[in-house]
Amino acid sequence: MEKYDLIIVGAGITGLSTAYHILDENRDMKIKIVERAPTFAQGNTAKSDAAFRDIFTSDINYKLSSSSINFYKHIQEDLKFNLGMKFNGYLFLLDKKNMESETVKQITQKTESILIEREDISRMGFKTSISQEISSVMNLKNIAGGLLGKNCGILEPDLISSFYESELRKMGAEFSYNTTVRKLSLEPALKLDFPGEPFIWQEKTIGHLETNRGDMFADNYLLATDVWTNYLLDPIGIDSHIRPKKRQVFQVTGKGIRDMVMKDYTGEPGLFPFTILPGPMIDMRPDPRSESFWISFNDDIGRDFSLEDDPVPEMDFYEKNLLTVIREYLPIFNESKVNSSWAGYYSMNTIDGTYYIFKELNVGVITGSSGSGIMKGDAAGRIAAAMMLGNKKARLYGGKEIDVDDLGIKKRNVQMENLII
Ligand SMILES: Cc1cc2nc3c(=O)[nH]c(=O)nc-3n(C[C@H](O)[C@H](O)[C@H](O)COP(=O)(O)OP(=O)(O)OC[C@H]3O[C@@H](n4cnc5c(N)ncnc54)[C@H](O)[C@@H]3O)c2cc1C
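Here is a short report on the structure shown in this document.

Rules used throughout
Residues numbered from 1 in each chain as written. Predicted model: local features only at pLDDT ≥ 70, side-chain atom pairs only at ≥ 80, totals over all residues. Heavy atoms only, no water. Near = heavy atom within 4 Å. Polar contact = N/O pair within 3.5 Å; in protein donor to acceptor, adjacent residues only side chain to side chain. Areas by Shrake-Rupley, 256 points an atom, 1.4 Å probe, with all protein chains shown as cover. Helix = DSSP H or I, 4+ residues; strand = E, 2+ residues; numbered from the N terminus. Nonpolar A, V, L, I, M, F, W, Y, C, P; charged D, E, K, R; others polar. Salt bridge = Lys/Arg side-chain N within 4 Å of Asp/Glu carboxyl O. Buried < 20%, exposed > 50% of the residue type's maximum accessible area, 1.4 Å probe, protein only. Pairing = 2+ DSSP bridges. Axes fitted to C-alpha atoms, helices over the stretch in contact; angles between N-to-C directions. Contact = heavy atoms within 4.5 Å. Core = buried A, V, L, I, M, F, W, Y, C linked by side-chain atoms within 4.5 Å.

### Here we look at the site of the ligand
So, point 1. Around the ligand, a shell composed of 34 residues is seen, among which Thr14, Glu35, Thr45, Ser369 and Met375 lie nearest.
So, point 2. In this structure, an oxygen atom belonging to the ligand sits 3.4 Å away from a side-chain N or O atom of Asp226.
So, point 3. The separation between a nitrogen atom of the ligand and a polar main-chain atom of Gly371 is 3.2 Å.
So, point 4. Here the ligand loses 97% of its free accessible area of 990 Å² to cover by the protein chains.
So, point 5. Sorting the residues of the shell around the ligand by element identifies helix H1 (13–25), helix H2 (44–47), strand E12 (243–253) and strand E16 (337–348) as the ones contributing at least two each.
So, point 6. Tallied by class, residues from the shell around the ligand come to 13 nonpolar, 15 polar and six charged.

Okay, structure coming up:
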């Protein structure tokens, strides 16, 4: 019966990044990472659009994303570990009201971003004026211009995960794949061996994990189990405060689309920016490998909170909702077809749209990435690592510090995030 200092459940980007930063600070710790899939990055990390941006409305999300982006850039440029990172930009298409808003002004002051004129957006292939009739029926907005974030783009989540996994093996971490944790065993810290333990008057602890491969023991545990966290916490009465929201991606191709994907925002050969339409904020992620756009939308009211084992993308949702809007802005989509599609889940913090990172008893929890866990994955891992090491502050890449309690539940101190895409 081997005992570990720490067992981390979940080998998505969050679990891997946390384990990496723990071992980076304390090489002597004996860590095991347990994952039910046959290998790493098979959960929502694999379903992601894998786009990154430092454009957020809350200060905390700006810090988490910008420091993570810089760390990934360091891995790719200095350590020469290719992450497929491309700085093709994020283009928010805006109506007149948003173009002149205080939020947009603040973003241009805080981040490396520029405003783009309506004529330039037209040159990219967008129809910027929508007929009165259609805009009143469908609530579509005319495009007055765009905000282009330059420290933004796309990357490959399996490659970042692979960086962390290979480094973790070098640092001595153990992995147990094909291992499903079925239960956290709640036990008295001081066992009396009376039936019915633990009683309310006993100090409690998680004694071991029950898995399909037998019981596993550690002093501390960390759940990096994303939307599945509640399955493990609900039975022991700890609330993770997150809810699952299904998200779908439709890979769309077509002759004109191919040409569009492989041009930058000025029309030169390159890569189209990750683009967000005004009105229903449908996003278009260019994929250079398949020369297609990945189309996605963060639907809120009307999309239930159910969680299925194998979520299926709904073609009807694409055709009646997404395509109906896109073809009004991009007539080129009249000649398009969906080549493939998939679905996953956002682990939503429905209050402020940012991670929950907290510890109860000897179990740490990191969840609630709210649709941006790749672009913030490194910073979030540093905060969870600091928490598990008992540090009050976490140091992000580049040197900024964050109080670990700020992301917790009891002393939470974050602003609400208004830009969840
Ligand atoms: C369609 C879609 C598009 C997205 N687009 C973006 C984007 O453009 N940019 C961005 O930054 N983020 C994006 N995200 C969000 C991002 O993918 C997630 O925030 C991130 O992957 C979360 O990582 P994670 O490691 O916390 O979770 P996961 O990758 O889901 O990892 C959790 C792991 O825990 C394992 N697990 C769960 N329960 C158990 C158990 N009981 N026993 C053993 N193992 C268990 C799972 O198998 C899984 O591997 C998107 C998500 C979706 C669904």
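### What to know about the pattern of salt bridges
So, point 1. Under the criterion given, the structure shown has 27 salt bridges.
So, point 2. For Arg27, the salt bridge identified is with Asp24, shortest N-O distance 3.8 Å.
So, point 3. For Arg27, a relative accessible area of 48% corresponds to the partly exposed category.
So, point 4. Overall, Asp24 belongs to the partly exposed group, its relative accessible area being 44%.
So, point 5. With its nearest N and O atoms 3.4 Å apart, the salt bridge here joins Asp59 to Lys63. With Asp59 and Lys63 both in helix H3 (residues 59–77) and four residues apart, the pair spans about one turn of that helix.
So, point 6. The class of Lys63 is partly exposed, set by a relative accessible area of 24%.
So, point 7. A single salt-bridge network, built from bridges that share partners, covers Lys246, Arg247, Asp299, Arg303 and Glu314.

### What about the sheet that holds E12?
So, point 1. If you trace the eight strands from one edge of the open sheet to the other, you get E5-E6-E4-E13-E14-E15-E12-E16, paired in mixed fashion. Strands with a single pairing partner mark the edges of an open sheet, and in this sheet they are strand E5 (113–117) and E16. With direction set aside, neighbouring strand axes in the sheet form an average angle of 20°.
So, point 2. Sheet strands touched by helix H5 (residues 102–110): strand E4 (90–94), E5 and strand E6 (145–149). Its angle to E5, the strand with the most contacts, is close to 130°.
So, point 3. Lying over the sheet, helix H11 (residues 315–329) contacts E12, strand E15 (292–296) and E16, oriented at roughly 65° with respect to E12.

### Some words on the side chain of Thr367
So, point 1. With respect to the helices and strands, the residue Thr367 is situated in strand E18 (residues 363–367).
So, point 2. Within the structure, Thr367 has its side chain in polar contact with the side chain of Ser347 (distance 2.9 Å).
So, point 3. For Thr367, the contacting residues outside a window of four places in its chain are Asp226, Thr229, Ser240, Ile242, Ser347, Tyr355 and Tyr356.

### Observations concerning the nonpolar core
So, point 1. If you look at the biggest cluster of nonpolar residues, it comprises 100 residues, and the most contacted ones within it are Tyr72, Phe126, Leu168, Ile295 and Phe333.
So, point 2. Broken down by element, this core gets its largest block of residues, eight residues, from helix H12 (residues 377–388).
So, point 3. Setting aside anything within four residues of it in sequence, one finds Phe333 in contact with Val252, Ile257, Met284, Phe293, Ile295, Tyr318, Leu323, Ile326 and Arg327.
So, point 4. Core analysis: the second largest hydrophobic core is formed by 21 residues, Leu209, Ile238, Ile242 and Tyr356 among them.

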